[in-house]
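# Secondary and tertiary structure notes
Below are the chains, spelled out letter by letter.
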There are 2 protein chains.
Amino acid sequence: VNDPRDIVALKRDGLAIPEAELREFVLAYAKREVRDEVAAAFLMAAYIRGLDASETLAMTKAMVDSGRTVALGGISRPKVDKHSTGGVADSVTLVFAPLAASLGLAVAKLSGRGLGHTGGTLDKLEAIPGLRTDLTSEEVEAQVERVGCAVAAQSPDLVPADGAMYALRDATATVSSVPLIAASVMSKKLAMETDLILLDVKAGSGAFMKTPEQARTLAAACMELARGWGRRARAAVTDMSQPLGEAVGNALDVAEAVELLGGGRRGRLRELTVLFAAEAMASLEGIDRAEGSKRAERAIDDGSALEAFARMVEAQGGDPSVTGDPWKVLPKAPVVLPIEAGESGFVTAMEAEEIGRASVDLGAGRLRKGDPVDPAAGIVFEPKIGDEIETGQKLGEVHGRDEDAARAAAWRVIAAVTLSDRPVDPPPLVHGWLGTDEER
Amino acid sequence: VNDPRDIVALKRDGLAIPEAELREFVLAYAKREVRDEVAAAFLMAAYIRGLDASETLAMTKAMVDSGRTVALGGISRPKVDKHSTGGVADSVTLVFAPLAASLGLAVAKLSGRGLGHTGGTLDKLEAIPGLRTDLTSEEVEAQVERVGCAVAAQSPDLVPADGAMYALRDATATVSSVPLIAASVMSKKLAMETDLILLDVKAGSGAFMKTPEQARTLAAACMELARGWGRRARAAVTDMSQPLGEAVGNALDVAEAVELLGGGRRGRLRELTVLFAAEAMASLEGIDRAEGSKRAERAIDDGSALEAFARMVEAQGGDPSVTGDPWKVLPKAPVVLPIEAGESGFVTAMEAEEIGRASVDLGAGRLRKGDPVDPAAGIVFEPKIGDEIETGQKLGEVHGRDEDAARAAAWRVIAAVTLSDRPVDPPPLVHGWLGTDEER
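Everything quoted here is computed from the prediction, not taken from an experiment.

### Brief notes about the interface of chain A and chain B
Counting from both sides, the interface comprises 21 residues of chain A and, opposite them, 21 residues of chain B. Three residues stand out in chain A for area buried against chain B, namely Arg12(A), Glu37(A) and Ile48(A), and they jointly supply 32% of the buried area on that side. Counting across the interface, chain A meets chain B through two salt bridges. As a salt-bridge pair, Asp170(A) and Arg5(B) come within 3.3 Å of each other at their nearest N and O atoms. Across the chain A-chain B interface, the total number found is six residue pairs in polar contact (both at pLDDT 80 or more). Element by element, the count of residues in the side of chain A that touches chain B is highest for helix α3 (residues 36–49) of chain A, at 10 residues.

### So, the confidence of the model for chain A
Put simply, chain A has an average pLDDT of 95, and 99% of its residues get 70 or more. Confidence estimates for the predicted assembly give a pTM of 0.89 and an ipTM of 0.88.

### Considering the sheet that holds strand β9 (residues 378–381) of chain B
Within a sheet, neighbouring strands are paired by backbone hydrogen bonds and run either parallel or antiparallel to one another. Residue and element names in this part refer to chain B. Sheet architecture is open: four strands sit in the order β6-β9-β11-β7, paired in antiparallel fashion. Looking at strand neighbours, the two that pair on one side only are β6 (247–249) and β7 (335–340), the edges of this open sheet. The mean angle between the axes of side-by-side strands here comes to 15°, regardless of whether they run parallel or antiparallel. With six bridges joining them, β7 and strand β11 (residues 394–400) adopt antiparallel strand pairing. The partner of Glu340 across the bridge, within β11, is Lys394. The strands that helix α11 (residues 251–261) touches are β6, β9 and β11; relative to β6, the one it contacts most, it runs at about 145°. Of the strands in this sheet, β6, β9 and β11 touch helix α16 (residues 352–364), which is tilted by about 145° from β9.

### Some words on helix α12 (residues 268–285) of chain B
Residues and elements named next belong to chain B. In this model α12 runs 25 Å from its N-terminal to its C-terminal C-alpha over 18 residues, within 8% of the 26 Å that 1.5 Å per residue would give. Burial runs high along α12: 15 of the 18 residues are buried. Looking one or two places after α12, you find Gly286, whose phi comes out positive at around 70°.

### Section: the side chain of Ser187(B)
By the secondary structure assignment, Ser187(B) is in helix α9 (residues 178–190). Those residues in contact with Ser187(B), other than ones at most four positions away along the chain, are Thr60(B), Met63(B), Val64(B), Val159(B), Asp162(B) and Ala182(B).

### Considering the sheet that holds strand β1 (residues 80–84) of chain B
Residue and element names in this part refer to chain B. Across the sheet, which stays open at both edges, the four strands sit in the order β1-β4-β5-β13 with mixed pairing between neighbours. Either end of the sheet is taken by a strand with one partner, and the two such strands are β1 and β13 (430–435). Going from strand to strand, the sheet's axes swing by 15° on average, the running direction of each strand aside. Here five bridges tie strand β5 (residues 233–239) to β13, and the two strands are oriented antiparallel to one another. In the strand pairing of β13, Val237 is matched with Gly432.

### Focus: the nonpolar core
If you look at the biggest cluster of nonpolar residues, it comprises 141 residues, and the most contacted ones within it are Phe42(A) and Phe42(B). Each residue touching Phe42(B), except ones within four places of it in the same chain, is listed here: Val8(B), Lys11(B), Ile17(B), Leu22(B), Phe25(B), Leu51(B) and Met59(B).

### Overview of the pairing of strand β3 (residues 149–153) of chain A
Residues and elements named next belong to chain A. For β3, the tally of buried residues reaches four of five residues, placing the bulk of the element in the interior. The pairing of strand β2 (residues 107–111) with β3 spans five bridges and is parallel. When the bridges of β3 are listed, Leu110 appears paired with Ala152.

### Focus on the relation of the copies chain A and chain B
Superposition of chain A onto chain B requires a rotation of 180° combined with a translation of 0.0 Å along the rotation axis, giving an RMSD of 0.1 Å. Considering both components of the superposition, the chain copies are consistent with a two-fold axis. When each C-alpha of chain A is compared by its distance to the rotation axis, Glu37(A) comes out closest, at 1.9 Å. When the interface residues of chain A are mapped onto chain B, 100% of them again lie at the interface, so the same face is used by both copies.

### Overview of the packing of helix α5 (residues 92–102) of chain B against helix α14 (residues 304–315) of chain B
Residues and elements named next belong to chain B. Where α5 contacts α14, the two axes come as close as 8 Å, and the packing angle between them is 110°. Taken as axis vectors, α5 and α14 run roughly perpendicular relative to one another. Residues Leu94, Pro98, Leu99, Ala101 and Ser102 of α5 lie in contact with α14, whose contacting residues are Ser304, Ala305, Ala308 and Phe309.

### Details of unusual backbone geometry
All names here are of chain B. One non-glycine residue, Leu72, lies in positive phi territory at about 55°. Mapped onto the elements of the fold, Leu72 is located in the loop between α4 (53–65) and β1. Taking the relative accessible area as the measure of exposure, Leu72 reaches 2% and is therefore buried. Located in the positive-phi region is Ala89, a residue other than glycine, with phi close to 55°. Topologically, Ala89 is positioned in the loop between β1 and α5.

### Here we look at the pattern of salt bridges
This model, assessed by the stated rule, comprises 70 salt bridges over all chains. Put simply, Asp81(B) and Lys189(B) hold a salt bridge, and the shortest N to O gap is 3.3 Å. Of this pair, Asp81(B) sits in strand β1 while Lys189(B) sits in helix α9, and the two are 108 residues apart along the sequence. Per residue, the accessibility class of Asp81(B) equals that of Lys189(B), and both read buried. Here Asp253(B) makes a salt bridge to Lys124(B), at a shortest N to O gap of 3.4 Å. Here Asp253(B), found in helix α11, pairs with Lys124(B), found in helix α6 (residues 121–125); they are 129 residues apart in sequence, far enough to count as distant. Each of Glu246(A), Glu256(A), Glu259(A) and Arg265(A) takes part in salt bridges that share partners, so that together they form one network.

Cut-offs used in this document
- The written sequence of each chain sets the order in which its residues are numbered from 1.
- All chains are assigned letters beginning at A, and all ligands numbers beginning at 1, according to the order in which they are written.
- Totals for whole chains, interfaces and linings use all residues, but because this is a predicted model, local features are given only for residues with pLDDT of at least 70 and pairs of side-chain atoms are given and counted only at 80 or more.
- Water and hydrogen atoms were dropped before computing side-chain values, which therefore reflect all heavy atoms in the structure.
- Should any heavy atoms of two residues lie within 4.5 Å, those residues are considered in contact.
- Buried area counts how much accessible surface, traced with a 1.4 Å probe, disappears from two parts once they are put together, with both parts' losses summed.
- Basic side-chain nitrogens of Lys or Arg form a salt bridge, by our definition, when they fall within 4 Å of a carboxyl oxygen of Asp or Glu.
- Residues adjacent in sequence count toward polar contacts only when both atoms are side-chain atoms; beyond that, a polar contact is any pair of N or O atoms within 3.5 Å, and within protein one must be able to donate a hydrogen and the other to accept it.
- Helical segments are the DSSP runs of H or I of at least four residues, strand segments are the runs of E of at least two, and each set is numbered from the N terminus.
- A residue's pLDDT is simply how confident the predictor is in it, with values from 0 to 100.
- At least two DSSP bridges between two strands are required for those strands to pair.
- With axes taken as lines fitted to C-alpha atoms, and helix axes fitted only over the stretch in contact, angles between N-to-C directions fall between 0 and 180 degrees.
- Given the number of residues in a helix, its expected span is that number minus one, multiplied by 1.5 Å.
- Only protein chains enter the accessibility calculation, which uses a 1.4 Å probe; a residue is then buried when its area is under 20% of its type maximum, exposed when over 50%, and partly exposed in between.
- The criterion is simple. A nonpolar core is a set of buried Ala, Val, Leu, Ile, Met, Phe, Trp, Tyr and Cys residues joined through side-chain atoms within 4.5 Å.
- Copy-to-copy alignment: least squares on C-alpha atoms, limited to residues at pLDDT 70 or above in both.
- Angles are sorted into four bins: roughly parallel if under 35 degrees, roughly antiparallel if over 145, roughly perpendicular if 65 to 115, and oblique for all others.

In structure tokens, the structure reads:
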């Protein structure tokens, strides 16, 4: 075995690490044979000096090989995995899984929990009483084959190197590195043998990547990894300069998803989910995107998407009547306060991350891994950039445990919104697409 | 208390860390309140991005304040501390301490042990049977007041942050950074309240700094720290492109020192020691350097330097008759092999570090902290760059435990020497001096 310090020294000096040596380093770290402080020095050197495409691929391969992989061989439909890099009011996955299932595709989604200002799909689903996400991989596979979709917690033996390394990056200020993020995101996607990986790379004030350019760089690094692996993937760089939907919480998001899946809600969340469904149909079945969008719209409007959601909820032990009247089933917050506009004007910008953090502080999210979340807490905020609002207009609601916390959250939401006398255009929903097919 | 990651992130992004925050980080690390992996990330960021003069000073101050300081108030003579950054056949400290004592100065030298290819003064002195280096600071002070010099092991409560941080740097490939080395070297000097700090910064194949320019940069960083502290210091950048003296071991070095201190040996080791003694007299007593050199030469030639050495050895429990016939007292190796020239020519270069490592592998040094050393083992090598040697000429001796090891060491020494048909000039002994007085 090589001295791991030699690997660290190469990166420290801005040199490339040979593939085999980087692989050995990562696998040794996963087995705890390389100490945290040595890996921390490596991560900082990699953060500052960067990792080239072949280093990033070698690192990602080693991360996948640190654990088991999931073959999903028992699923007969075309398999699509969809992942978001994280945003505010970003329930695309919650809506996409049943929508795609209703269109004949298979979605086996292994998900992490929410951390920081972004919500987690598991936390949202678990707001439905009785619903389990601790499925075995056999249960996931059987459920997907039967109902078309499943959303379950990622098991700890899938890419264990990523869990250890992410915690170390969090502790050592080395999170926000494109190659390290790409390796972390893609290792979990590549460990599942699906036919298509769809990535939603968020850009803007509510995302990790603050500009579309940064998000595009990350998306390109992820596509490069998929290409190096011989896997089909598509990535959209999408707007996160404002919350995508209206609900920022858990039960609130489920209620929003139910309404949307039943055809009762328009807007950017529906639009983006339909785009992803059309992209999946185009990639997997060669269906023209316009035709795919039409079919997705139809699946929403004729109730088949909502029915797929009900089947998934029931299969995972939840009460499927949540798709009838959600608030008969979902937990409600004791305090609901309206958010009212203090001034009038055109919405020109939002600090979406601040709105996410306000919701976390209400109890809807967690600051530390393992913290419990309050399923009932959260924020509903309706305005979008470009909207004109009037003084006193109701803009949404805060759902909280007590008045003081709810009032503080309402203030934070109002303060996170910038108004102007002049109208502005809404930002584009999708900044662009990248893929393994056409790009090099 | 701040989140230590914020400090790490500043340096990661190439920004300066405010003095108070860097101080808090270092003190918290010394108390183990900042974890090793976080400090490792900081060290790597500092290695790559650098630390400016005020950051280096703040870090050094915090390192000193992590432990106790030594006032040496009971010593009435002018107090000088002398430190070498480490080289091969570098016994200047061993010779300088009694020489300076014989000239009326006080030398209280707290020293570390040898590590890697460079020897340690403690290990050398301990080759003298009975000699103790584990003196308390009270014992050191009393001995220096009485006999003028003492060489003792650094106690663990002196600059504890440095011990922890040096081990971490060694583990994380972050040793060779000028500001980190300067902080480490100078924190230990500044923790002792002496009147003058003399630094011997080695440059060349047997030193950490391979070029005089690199060594000068390190020397300047150290002088900047002394200046920031308000302490008088002088640094020489000296030649380490070849072993300084002839002995590379422990007992062998003591025998060489005894011969030199008694006036029986000329050469670069004597020249450099005399220069440091003259520098100390110039700085502390305003004595002209030429006159100081004359006095130092006289102290060697009239036996007073050797007498000071005998008094120091006796005060520390060793047998002072080592100054009469060293080899009646010092341990001898079972095998002594001559080193013979295989070719003729002019010596043009030496891999001095390789000669040091050959001696370490004979048992004279240690690869890991805490390893024992063989006091009898080592190498004597006489030629210097510029010398002409003949095929078959005896160039020195290997002292070892067995024939095979000794033969291998002899080969390594021969292979470390480059010969040429054309004569070359010897390298300068001193590349230059820097000081807190004249420079800014």
